[in-house]
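Below, each chain spelled out in residue letters.
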Amino acid sequence: MQPNETWEKVDHYIEQQLIPHDPDLERVLSANRMAALPPYDVSPSQGKLLQLLIQMKGAKRILEIGTLGAYSTIWMARALPADGRLVTLELDPHHAEIAQANLQLAGLAGKVELRVGDALAQLAELEAEGTQPFDFIFIDADKPNNPHYLKWALAFSQPGTVILGDNVIREGEILREDSADARVQGVRTFYELLAQEPRISATAIQTVGSKGYDGFMLGIVI
């Protein structure tokens, strides 16, 4: 059995054992496929991890940078208390249209604010609006801008804010200093900023599974 095949089978086993079947989430994934959205959704086990981290943190305010079809958004929003709020940012109007429909399907449209447009512009607008700090921030958008997203995440943080960045291993390509891939270079700069930033204590974890070989960064603002 090849490694990737094993990874997928193990993910499937974990999902069968620990993640109850959820018709709404299955319909969301189906809607994303039918709308030809890129297959970048987190896996069910990763979605459950996001949910557990938010519950452990006791977060009431979440910022998500990169909505896609709102699959991860739904996992996170379900972890919020009744008075919780999630703000999610999506560049592509088509993706945002599908995401809004998915949020309606999941009964979460009233708890989630979906903002459409360039994320850096949206973050500047949030600052201009006097947006309060968030308890949990999930960075999962275009990787070349990861350094900018980290700076904004810190700007919208307070001591104790949890910041999680996805896709930070990229099949080990982050080791290539000479990579011509702007995504790899964006992630490498992201690491360099984390290493230099005294306001956050962070680590990164390599992962394998149905999404291949990648990983995430987990940090807490101090």
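Residues numbered from 1 in each chain as written. Predicted model: local features only at pLDDT ≥ 70, side-chain atom pairs only at ≥ 80, totals over all residues. Heavy atoms only, no water.

- By the naming in an unreviewed UniProt entry, the chain is O-methyltransferase, taken from Paenibacillus whitsoniae.

Things to note about the pairing of strand 6 (residues 200–209)
No. 1: Relative to strand 7 (residues 212–221), strand 6 runs antiparallel, the two sharing 10 bridges. From the neighbouring strand, valine 208 faces strand 7, where its bridge partner is tyrosine 213.
No. 2: In textbook terms, the turn of a hairpin is the stretch between consecutive antiparallel strands, and for strand 6 and strand 7 this stretch comprises two residues. (Pairing = 2+ DSSP bridges. Helix = DSSP H or I, 4+ residues; strand = E, 2+ residues; numbered from the N terminus.)

Some details on the pairing of strand 4 (residues 136–139)
No. 1: Judged by which residues are buried, strand 4 turns out to be covered on both faces: Phe136 and Phe138 on one side and Ile137 and Ile139 on the other are all buried.
No. 2: Pairing geometry for strand 1 (residues 61–65) and strand 4, over four bridges, is parallel. Pairing of leucine 63 across the sheet is with isoleucine 137, part of strand 4.
No. 3: Note: strand 4 against strand 5 (residues 162–166), four bridges, orientation parallel. Paired with isoleucine 137 across the bridge in strand 5 is isoleucine 163. (Buried < 20%, exposed > 50% of the residue type's maximum accessible area, 1.4 Å probe, protein only.)

Section: the nonpolar core
No. 1: If you look at the biggest cluster of nonpolar residues, it comprises 31 residues, and the most contacted ones within it are Ile62, Met76 and Phe136.
No. 2: Mapped onto this core, the elements with two or more residues apiece are helix 2 (23–34), helix 3 (44–57), helix 4 (71–77), helix 5 (93–105), strand 3 (112–116), strand 4 and strand 5.
No. 3: If one sorts the elements of this core by residue count, helix 4 sits on top with five residues.
No. 4: Sequence-distant contacts of methionine 76, defined by excluding residues within four places in its chain, comprise Leu50, Ile54, Ile62, Glu64, Leu86, Phe136 and Phe138. (Core = buried A, V, L, I, M, F, W, Y, C linked by side-chain atoms within 4.5 Å. Contact = heavy atoms within 4.5 Å.)

Some points on the packing of aromatic side chains
No. 1: Tallied over the entire structure, the rule returns three aromatic pairs.
No. 2: For the pair phenylalanine 134 and phenylalanine 156, a centre-to-centre distance of 6.0 Å together with 75° between the ring planes defines the contact as edge-to-face. On the criterion of sequence distance, the pair formed by phenylalanine 134 in the loop between helix 6 (119–128) and strand 4 and phenylalanine 156 in the loop between helix 7 (146–155) and strand 5 is long-range, its members being 22 residues apart. One exposure class covers both phenylalanine 134 and phenylalanine 156, and it is buried.
No. 3: Between tryptophan 152 and phenylalanine 156, the ring centres sit 5.8 Å apart and the planes meet at 20°, which makes this aromatic pair stacked. Of the two residues examined, tryptophan 152 and phenylalanine 156, each falls in the buried class.
No. 4: Grouping aromatic residues by their ring pairs yields a cluster made of Phe134, Trp152 and Phe156.
No. 5: Stacked on the ring of phenylalanine 134, the Lys or Arg arginine 61 has its end atom at 4.5 Å from the ring centre. (Phe/Tyr/Trp six-rings, centres within 6.5 Å; stacked < 30°, edge-to-face > 60°. Lys NZ or Arg CZ within 6 Å of the ring centre and 35° of its normal.)

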